[in-house]
Amino acid sequence: MLDVWCELQCPDCRSSQTDLSALRARYGDALEIRIRHFPLEKHQHAHAAAQALEEAIVQGRGWPYAEAVLAHAEELGARGEVLLVEVARELGLDAEEMDTALIDGRHILIVDADQAEGKAIGVNGTPTYVIGGERLDGGKSQEGLRERIEAIADRLLAG
């Protein structure tokens, strides 16, 4: 399993999508890749975006939603929850349910638990990857990270 600690208003997380797409293509179902929430305080809409992503997961479109919101990371800063609901609508999700989920906070505990777990294991920026018990920080540089992840994944899947 590969845990990816990210937030949907982070330009570095947007850049990581190329590597994550390549990893999903290479390993398919053999390597579960989970998005874990780590909203940064400097991004005012990151917490709402994490809750929206959880609603998209419930509606069966987690990865497409994450990718679509990340494509608008800078715009999210200006448009906030309006953009989150628009993206849901564009992807064919139930936009009214998305809006309701953002209002009622039904996914806030998942987001807060992820963030607390991230802090407990030393995550301090995004994206951060955890695979095979090893934490790889992509917030400073993502150079060579996909190769390191692949080497660990190959080892874990062979054993």
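Residues numbered from 1 in each chain as written. Predicted model: local features only at pLDDT ≥ 70, side-chain atom pairs only at ≥ 80, totals over all residues. Heavy atoms only, no water.

### What about the packing of aromatic side chains?
Okay, so step 1: What the rule picks out here adds up to zero aromatic pairs.
Okay, so step 2: When the ring centre of W63 is taken as reference, the NZ or CZ atom of R24 above it lies at 4.2 Å. (Phe/Tyr/Trp six-rings, centres within 6.5 Å; stacked < 30°, edge-to-face > 60°. Lys NZ or Arg CZ within 6 Å of the ring centre and 35° of its normal.)

### As for the packing of helix 2 (residues 46–58) against helix 6 (residues 95–104)
Okay, so step 1: Packing of helix 2 against helix 6 leaves a shortest axis separation of 9 Å and a crossing angle of 135 degrees. Relative to helix 6, helix 2 is oriented oblique. Note that helix 2 runs across helix 6; the crossing there is right-handed. Residues A48, Q51, A52, E55 and A56 of helix 2 form the contact with helix 6, whose own contacting residues are E97, M98, A101 and L102.
Okay, so step 2: Here the contact of helix 2 with helix 6 is composed, by residue class, of six nonpolar, one polar and two charged. (Axes fitted to C-alpha atoms, helices over the stretch in contact; angles between N-to-C directions. Helix = DSSP H or I, 4+ residues; strand = E, 2+ residues; numbered from the N terminus. Parallel < 35°, antiparallel > 145°, perpendicular 65-115°, else oblique. Left-handed = near helix turned anticlockwise from the far one by under 90°. Contact = heavy atoms within 4.5 Å. Nonpolar A, V, L, I, M, F, W, Y, C, P; charged D, E, K, R; others polar.)

### Topic: the pattern of salt bridges
Okay, so step 1: Counted by the stated rule, this structure contains 16 salt bridges.
Okay, so step 2: Taking the shortest distance from any N to any O, the salt bridge between E67 and R24 comes out at 2.6 Å. Here E67, found in helix 3 (residues 62–70), pairs with R24, found in helix 1 (residues 11–27); they are 43 residues apart in sequence, far enough to count as distant.
Okay, so step 3: Using a relative accessible area of 29% as the deciding quantity, one classes E67 as partly exposed.
Okay, so step 4: In this structure, the salt-bridge partner of R36 is E117, at a minimum N-O distance of 2.6 Å. (Salt bridge = Lys/Arg side-chain N within 4 Å of Asp/Glu carboxyl O. Buried < 20%, exposed > 50% of the residue type's maximum accessible area, 1.4 Å probe, protein only.)

That's the geometry; what it means functionally is another story.
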